[in-house]
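Results of the structural survey
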Amino acid sequence: MSSGPLHSVSVAAVITGADGRVLAVRRRDNGHWESPGGVLELEESVYDGLRREVEEETGLLVEAGELTGVYENLARGVVALVFRCEVLSGSPRPTAESAEVAWLTVAEVRERMAEVYAVRVLDALSDRSDRPAVRSHDGRRVTS
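Residues numbered from 1 in each chain as written. Predicted model: local features only at pLDDT ≥ 70, side-chain atom pairs only at ≥ 80, totals over all residues. Heavy atoms only, no water.

Bringing the overall build of the chain into the picture now. Each helix and strand counted, the chain has three helices and eight strands in total. Starting at the N terminus and walking to the C terminus, you meet the elements of the chain as β-β-β-β-α-β-β-β-α-α-β. For 144 residues, the compact-globule formula gives about 15 Å, and the C-alpha radius of gyration of the chain, at 15 Å, lands near that figure. Along the first, second and third principal axes, the C-alpha set of the chain runs to 50 × 30 × 30 Å. When burial is assessed residue by residue, the chain has 38% of its 144 residues classed as buried. Within the chain, contacts between residues at least 6 apart in sequence are counted, and of these 64% link residues at least 24 apart. As displayed, the chain offers around 8100 Å² of accessible surface, 49% of which is attributable to carbon and sulfur atoms. If you average the places of the 17 positive and of the 24 negative side-chain charges in the chain, the two averages end up 5 Å apart. (Helix = DSSP H or I, 4+ residues; strand = E, 2+ residues; numbered from the N terminus. Rg over C-alpha atoms; globule rule 2.2 N^0.38 Å. Buried < 20%, exposed > 50% of the residue type's maximum accessible area, 1.4 Å probe, protein only. Contact = heavy atoms within 4.5 Å. Areas by Shrake-Rupley, 256 points an atom, 1.4 Å probe, with all protein chains shown as cover. Lys, Arg positive; Asp, Glu negative; His and termini not counted. Charge placed at Lys NZ, Arg CZ, Asp CG, Glu CD.)

As structure tokens, then:
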């Protein structure tokens, strides 16, 4: 019996401060700057997974808002759902998963994040009130 393509689903949060900066984490496992998030566990809802991942990486409790984009990593078969989120409680701090947590300007997002992660933040901040962005990438560069 052959199996078809396997995909995993990840979630990420774009959280903005009153000054317009965006919360980002520098991951302990690879040192990359990204929006907080990660892969959903089996039998976990999208919203439960988003809340869990943000809390694990930042110490914050958040509420999911608008879906701002869907991003497919063609090389790894990962589909990422990105949401704007609002902080309910807590103060951002490094955790077992995040070496650093920082509020970045848009210029710093472009400078510190790889293209495939920066575009998620930029899409979330853009005026796309009609629909979420849908993009594909190869793990390094956005392809569509």
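After presenting the structure, the write-up continues.
This next bit is on the sheet that holds strand 7 (residues 98-104). Overall, antiparallel pairing links the three strands, which are arranged 3-2-7 in an open sheet. Edge strands, defined here as strands with exactly one partner in the open sheet, are strand 3 (33-34) and strand 7. Judged from the two bridges that link them, strand 2 (residues 22-27) and strand 3 form a sheet pairing that is antiparallel. Within the sheet, the bridge partner assigned to R26 lies in strand 3 and is W33. (Pairing = 2+ DSSP bridges.)

All chains considered together, the criterion is met by 13 salt bridges. Among the salt bridges present, the one from E56 reaches R52, with a minimum N-O distance of 3.3 Å. Separated by four residues within a single helix, E56 and R52 lie in helix 1 (residues 46-58), roughly one turn from each other. Among the salt bridges present, the one from R84 reaches E66, with a minimum N-O distance of 2.8 Å. Of this pair, R84 sits in strand 6 (residues 78-89) while E66 sits in strand 5 (residues 61-73), and the two are 18 residues apart along the sequence. Look at R84 and you get partly exposed, because its relative accessible area is 31%. Among the ionic contacts, a cluster of salt bridges with common partners joins E41, E44, R52, E53 and E56. (Salt bridge = Lys/Arg side-chain N within 4 Å of Asp/Glu carboxyl O.)

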